[in-house]
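Residues per chain are reported as follows:
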Amino acid sequence: MNHILFEVRDRVATLILNRPEKLNAVTPEMADALVAHVKDCNARADVRAVVITGSGEKAFCAGSDIAELDGYDTPWTFRNRPDYCDAIRALRKPVVCAINGYALGGGLETAMSCDIRIAAEHARFGAPEVKLGWIGGGGMSYMLAHSIGASNTALMLMGGDPIGAQQALQWGLVSELVPATELLARAQAIAATIASRPPIAVETAKANLRAAYAMPLETAIQYERDLQTVCFATEDAKEGRAAFKARRPAVFEGR
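If you're wondering where the values come from, they're calculated on a predicted model, not measured in any experiment.

Novice: Teacher, can you tell me more about the overall build of the protein chain here?
Specialist: A count of helical and extended segments in the protein chain gives twelve helices and ten strands. Computed over its C-alpha atoms, the radius of gyration of the protein chain comes to 19 Å, within 12% of the 18 Å expected for a compact globule of 255 residues. When the backbone C-alpha atoms are referred to their principal axes, the protein chain occupies close to 60 × 45 × 40 Å. A total of 255 residues make up the protein chain; the buried ones form 42% of that total. A separation threshold of at least 6 residues defines the contact pool for the protein chain, and within that pool the share at least 24 residues apart is 68%. With 27 positive and 29 negative side-chain charges, the protein chain shows a separation of 7 Å between the mean positions of the two kinds.

So, in structure tokens, the structure goes:
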């Protein structure tokens, strides 16, 4: 059985974690496949946005398959394994996450590694690692703190209990709640809108947003202006200005 489904349609790639009987928990083989698909998406001009979701109605992803964790020879081998959250963050193209159920542990980290998160109304979110004697290692603390604040993050990391979709929306963990039957279509519609924009400008916007987290205000503004200048010099920007003046639809070629 293929545990990672992949297709490209209308410049949107869709990645589906396809192990519903195990809550789409990620095995080392699945992590390797995600790394390969990310490299493929980054290299393909016909992919301008990515959607990631889970198979089935119960879970987006329950994180790493705990039954597989004792298969590593040493903790250091575990530390140096290919990480699926790192793979998602390596995507230069914008990523929309459609959270169709439980997002737990590494599954929550995977969702947090995406640029835009929408969720089904029954979704639940948790960092349960503390209950098993460890903590997350895919960027959980950093990404949660930047999304929901230090106090809410402490509650999730130290208590380990999940929160519901409404709480996640209230805290800013997700942007929208959608009926489960409409979730994938909504995620793909968001991705299609992004894919219709000039790809260089979109990828630059993503890079700029990530850089802004690590920069003081004045440095971030200067960096943004430098990136703006790079974009302004592209053929797409020239086309955008010409289309605006002519009052016609623009055609962006990614140059």
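Novice: Looking at this structure, I do not really get the packing of aromatic side chains. What am I missing?
Specialist: Pairs of aromatic rings are described using the distance from one ring centre to the other and the angle between the two planes. Inspection of every chain in the model, using the stated rule, returns one aromatic pair. On the basis of an interplanar angle of 65 degrees and a centroid distance of 6.3 Å, the ring pair of Tyr142 and Tyr213 is categorised as edge-to-face. In this pair, Tyr142 is assigned in helix 6 (residues 140-148) and Tyr213 in the loop between helix 10 (199-212) and helix 11 (217-232), connecting sequence segments 71 residues apart. Among the residues examined, Tyr213 registers a relative accessible area of 43% and is labelled partly exposed. Just above the ring of Phe232 sits the side chain of Arg241; from NZ or CZ to the centre is 4.2 Å.

Novice: Help me understand the pairing of strand 2 (residues 12-17) in this model?
Specialist: Residues in a regular strand project their side chains so that they alternate between the two faces of the sheet. Extensive coverage of strand 2 is indicated by the burial of five of its six residues. With six bridges joining them, strand 1 (residues 4-9) and strand 2 adopt antiparallel strand pairing. Looking across to strand 2, one finds that Glu7 is bridged to Thr14. Linking strand 1 to strand 2, which pair antiparallel, is a turn of two residues; within it Asp10 sits at a positive phi near 50 degrees. Pairing of strand 2 with strand 3 (residues 49-54), which is carried by six bridges, proceeds in the parallel orientation. Each bridged residue has a counterpart across the sheet, and for Val12 the counterpart in strand 3 is Ala49. For the segment spanning strand 2, helix 1 (residues 28-43) and strand 3, crossover handedness is right-handed.

Novice: Help me understand the packing of helix 6 against helix 7 (residues 150-159) in this model?
Specialist: Two numbers describe a pair of packed helices, the interaxial angle and the distance between the axes. Across the interface, helix 6 lies against helix 7 with an axial gap of 7 Å and an inter-helix angle of 135 degrees. Comparing the axis directions of helix 6 and helix 7 gives the class oblique. At the point where helix 6 passes helix 7, the crossing takes the right-handed sense. The residues of helix 7 that touch helix 6, namely those facing Met140, Ser141, Leu144, Ala145 and Ile148, are Ala150, Asn152, Thr153, Met156 and Leu157. In the contact of helix 6 with helix 7, the residues fall into seven nonpolar, three polar and no charged.

Novice: Hey, could you run me through helix 12 (residues 235-246) in this one?
Specialist: Residues spaced three or four apart along an α-helix point in a common direction, a consequence of the helix completing one turn every 3.6 residues. If you check helix 12, its first and last C-alpha atoms are 16 Å apart, about what twelve residues at 1.5 Å a residue would give, namely 16 Å. Along helix 12, the residues classified as buried are Asp236, Glu239 and Ala243. Buried residues of helix 12, viewed axially, fall in a sector of 55 degrees; they line one side. Exposed and oriented more than 90 degrees from the buried face of helix 12 are Lys238, Phe244 and Lys245.

Novice: Even after reading the chapter, I still don't get the pattern of salt bridges, so can you show me in this structure?
Specialist: Under the counting rule described, the total for this entry stands at ten salt bridges. A salt bridge links Asp115 to Lys206; the shortest N-O distance between them is 2.9 Å. Here Asp115 is found in the loop between helix 5 (106-112) and strand 7 (116-120), whereas its partner Lys206 is found in helix 10, with 91 residues between them in sequence. Look at Asp115 and you get partly exposed, because its relative accessible area is 31%. It is possible to trace a salt-bridge network through shared partners that takes in Asp40, Arg44 and Asp46.

Novice: Help me out: how do you make sense of the packing of helix 10 against helix 11 in this one?
Specialist: Between helix 10 and helix 11, the shortest axis-to-axis distance is 10 Å and the interhelical angle comes to 170 degrees. For the element pair helix 10 / helix 11, the angle class is roughly antiparallel. Taken together, the residues of helix 11 that come into contact with helix 10 (itself represented by Ile200, Ala201, Thr204, Asn208 and Ala211) are Tyr223, Glu224, Leu227 and Cys231. A class-by-class count of the residues in the contact of helix 10 with helix 11 yields six nonpolar, two polar and one charged.

Calculation criteria
- Residues numbered from 1 in each chain as written.
- Predicted model: local features only at pLDDT ≥ 70, side-chain atom pairs only at ≥ 80, totals over all residues.
- Heavy atoms only, no water.
- Helix = DSSP H or I, 4+ residues; strand = E, 2+ residues; numbered from the N terminus.
- Rg over C-alpha atoms; globule rule 2.2 N^0.38 Å.
- Buried < 20%, exposed > 50% of the residue type's maximum accessible area, 1.4 Å probe, protein only.
- Contact = heavy atoms within 4.5 Å.
- Lys, Arg positive; Asp, Glu negative; His and termini not counted.
- Charge placed at Lys NZ, Arg CZ, Asp CG, Glu CD.
- Phe/Tyr/Trp six-rings, centres within 6.5 Å; stacked < 30°, edge-to-face > 60°.
- Lys NZ or Arg CZ within 6 Å of the ring centre and 35° of its normal.
- Pairing = 2+ DSSP bridges.
- Right-handed = clockwise from strand over helix to strand, strands pointing away.
- Axes fitted to C-alpha atoms, helices over the stretch in contact; angles between N-to-C directions.
- Parallel < 35°, antiparallel > 145°, perpendicular 65-115°, else oblique.
- Left-handed = near helix turned anticlockwise from the far one by under 90°.
- Nonpolar A, V, L, I, M, F, W, Y, C, P; charged D, E, K, R; others polar.
- Expected span 1.5 Å × (residues − 1).
- Arc of directions from axis to C-beta.
- Salt bridge = Lys/Arg side-chain N within 4 Å of Asp/Glu carboxyl O.

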